[in-house]
Amino acid sequence: MSSPLPLVEQFQHGLAAPICLTWELTYACNLSCVHCLSSSGRRDPRELTTAQCKALIDEFERMQVFYVNVGGGEPTVRPDFWELVDYAVAHRVGVKFSTNGIRITPEVARRLAGSDYVDVQISLDGATERVNDAVRGAGSYRTALRAMRTLAAAGFDGFKLSVVVTRQNAGQLDDFAALADEHGAQLRLTRLRPAGRGADVWDELHPTSAQQRAVYDWLVSRGENVLTGDSFFHLAGYGQALPGLNLCGAGRVVCLVDPVGDVYACPFAIHESFLAGNVRGDGGFTRVWRESELFADLRRPQSGGACASCSAFDACRGGCMAAKFFTGLPLDGPDPECVLGHGEAALAAVGGAGGQTLPRPTPDHSRLPRQSSPVPVTIGRRRPPSRSCDEDPLAGFVPRAG
Amino acid sequence: MSTKAATAVFDLDRPWCLDERVAVRPEPFGALLYHFGTRRLTFLKDPMVLAVVRSLAEHPDARSACESAGVTARALPAYQQALATLAGSLMIRERDGR
C-alpha cells in the first residue's frame, strides 16, 4: 500500500498535468491595488481571443486539468467572461475565479450558486474600509462587501473570502474570520509576495517577524477551516506543518497562463526568467507543461544551497522561489521571510531589498507609470505621484537590462 | 483525505461506485481524484486501489471488485480501510437499484 517515494518527492518530478493552474484572463482591471502580482491595469491588445481561450479549455479537458484558478486583472470585465465560464463547465473544467466583486449582480450570483463547477473568491485586504482601501483603492471595500452580501443572499454557500496578509491587516484575522462566517463564506489567507507591483511595496507591507509568528499560530489553531493555497509553507520551520503539500510547486504542480498565453512557472514569478513558453506555440500548453526546458529544470532535485545544513530545511525547503528572486536573494538560499531570521541576514548581505539593482517584474500593464524605487504606502490615501512630472508616461522609466 | 469517517466500517458486501462528480486522472505514482462538489483533491498512491475504485461499478459488491483486481485476503483489510476513507470523503458512494 505504500509508494516507493513520499508523495512530496513524487510531486517534485512533476505531474502529467498541473493540479493548480492559474489562468489570468486579462490585464485589464478597474482597480490599481498597490501590491498587484501581475502589475495589472490596462488590457493587452495581444490577449487571447474567445476562440483561443476555448481551444485552451479544450486542451485542459484533454489533459484532465480538474479546475483552473481564473484571475487577472479583473477577469469579469472581459465581455466574454461568462461565456468562457459556461464553456469550461460544459467541458468538465471547474472554474474558481477571483474577483473584486464589481460584476457580482443578484442575477449572476443566482447562476453561480447553482453550479458545483464554479467557485468564487472575493478579494479583500482589510477587515475595515480604511485598511483595505489604502491598498486596493477607494470604494473597493464597499464593492467587495456588496458582492459578499449578494452571494450570500443568492444562497451561494462556501464561497471564498480571499485575503493577502499584510503588516496592516495581520491583526485583523479574527475579524476576517467573523466576516466570512457572517456571509457563509470560507476564509482564505495568502502570503504577500514581492511580485508585480508588490515588489514596490513589499518592504512596507510584508508582516513583521512577530506578526508572521502570530499568523502561523493562528493558522495552526484553525486547522483546515482556513484555506491558504499552500502559500505559507515557509512557516513550517516553526514546527508543525500547516495543512497542504508544503512544497514550492512552481513548474511541478503549479503554473500560470497569462492573458497573452505566456506560461510562467507560478503566479508569483511573472518575469522572463520563469517564462516556459506560450500556449500559441506548436504543441500548445501540453507541450510547454511536459517538455519545456525551464520546467524540466525545476523538476530536477534542487540543492538546498546555503539552507542544506539547516535543521528546518526538510520543513520549509528553502521557501518561495519568487520571493527570493524579487528581493535579490539567491534561489538556493533562505527565503526573505525565513522563520529563523536567515532571510534578514541574507538581505543585509546583498545590500537589503532596494539597495541593489533588483530584477524588475515584467511585463507591466499598470495604468500609472511604475515607480522605480519602493513607495511608502500611506494608509487612507491613494498613492500620490511623488512629483507632478511623474504623471508623464515616461517618468520613472528605467530601461531594463536583458 | 478526510479521516472523519475513515473509522467507520466499510461494508465490502455492498455495491459501490465512484461518485459522478469525481474526476480521476492517472499519474506516475497512482492517480489524482477530484470531487467537484466538495472541491477536494485526493491522492491514490497505489495503482491497485485505483483499479479497485475504477471497477467498483462493474461488480455486485466491493469485495469482488477487490478480488478481481488481485487483492489478496491478507491485504484486504488495508484496502477496506482505503475504501472507507474514500467513502468518508464522498469520493465513492453506495450504488442504488440493487
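Residues numbered from 1 in each chain as written. Chains lettered and ligands numbered in written order. Predicted model: local features only at pLDDT ≥ 70, side-chain atom pairs only at ≥ 80, totals over all residues.

## Some details on the environment of C266 of chain A
Residue and element names in this part refer to chain A.
Part 1 of the argument: Within the element layout of this structure, C266 appears in the loop between β8 (262-264) and β9 (275-278).
Part 2 of the argument: Assessed through the 24 C-beta atoms surrounding it within 10 Å, C266 is described here as buried.
Part 3 of the argument: When the C-alpha positions of C266 and E24 are compared, they lie 11 Å apart, and in sequence the two are 242 residues distant.
Part 4 of the argument: Non-local contacts of C266, meaning those with residues more than four positions away in its chain, are made with A250, V254, C255, L256 and A322. (Helix = DSSP H or I, 4+ residues; strand = E, 2+ residues; numbered from the N terminus. Buried ≥ 20, exposed ≤ 12 C-beta atoms within 10 Å, placed from the backbone. Contact = placed C-beta atoms within 7 Å.)

## Comments concerning the environment of Q172 of chain A
Residue and element names in this part refer to chain A.
Part 1 of the argument: Inspection of the secondary structure assignment puts Q172 in the loop between β5 (160-165) and α7 (173-182).
Part 2 of the argument: A sequence separation of 132 residues divides Q172 from G304, and the C-alpha atoms of the two residues are 35 Å apart.
Part 3 of the argument: Those residues within four positions of Q172 in sequence are excluded, and the remaining contacts are G126, A127 and V131.

## Regarding the interface of chain A and chain B
Part 1 of the argument: If you look at the interface, chain A gives 15 residues, while chain B gives 16 residues.
Part 2 of the argument: Residue composition of the side of chain A that touches chain B, grouped by class: eight nonpolar, four polar and three charged. (Nonpolar A, V, L, I, M, F, W, Y, C, P; charged D, E, K, R; others polar.)

## Here we look at the pairing of strand β1 (residues 20-24) of chain A
Residues and elements named next belong to chain A.
Part 1 of the argument: Among the five residues in β1, five count as buried, and that is most of the element.
Part 2 of the argument: Judged by which residues are buried, β1 turns out to be covered on both faces: C20, T22 and E24 on one side and L21 and W23 on the other are all buried.
Part 3 of the argument: Where β1 and strand β7 (residues 254-257) come together, four bridges link them in parallel fashion. In the sheet register, W23 faces β7, and the bridge partner there is V257. (Pairing = 2+ DSSP bridges.)

## Things to note about the nonpolar core
Part 1 of the argument: Within the largest apolar cluster, 136 residues are counted, with the highest numbers of intra-cluster contacts made by Y264, C266, A269 and A322 of chain A.
Part 2 of the argument: Tallying contributions element by element places helix α3 (residues 76-88) of chain B first for this core, with six residues.
Part 3 of the argument: Non-local contacts of Y264 of chain A, meaning those with residues more than four positions away in its chain, are made with C255, L256, D258, A269, I270, F274, L275 and A276 of chain A. (Core = buried A, V, L, I, M, F, W, Y, C linked by C-beta atoms within 7 Å.)

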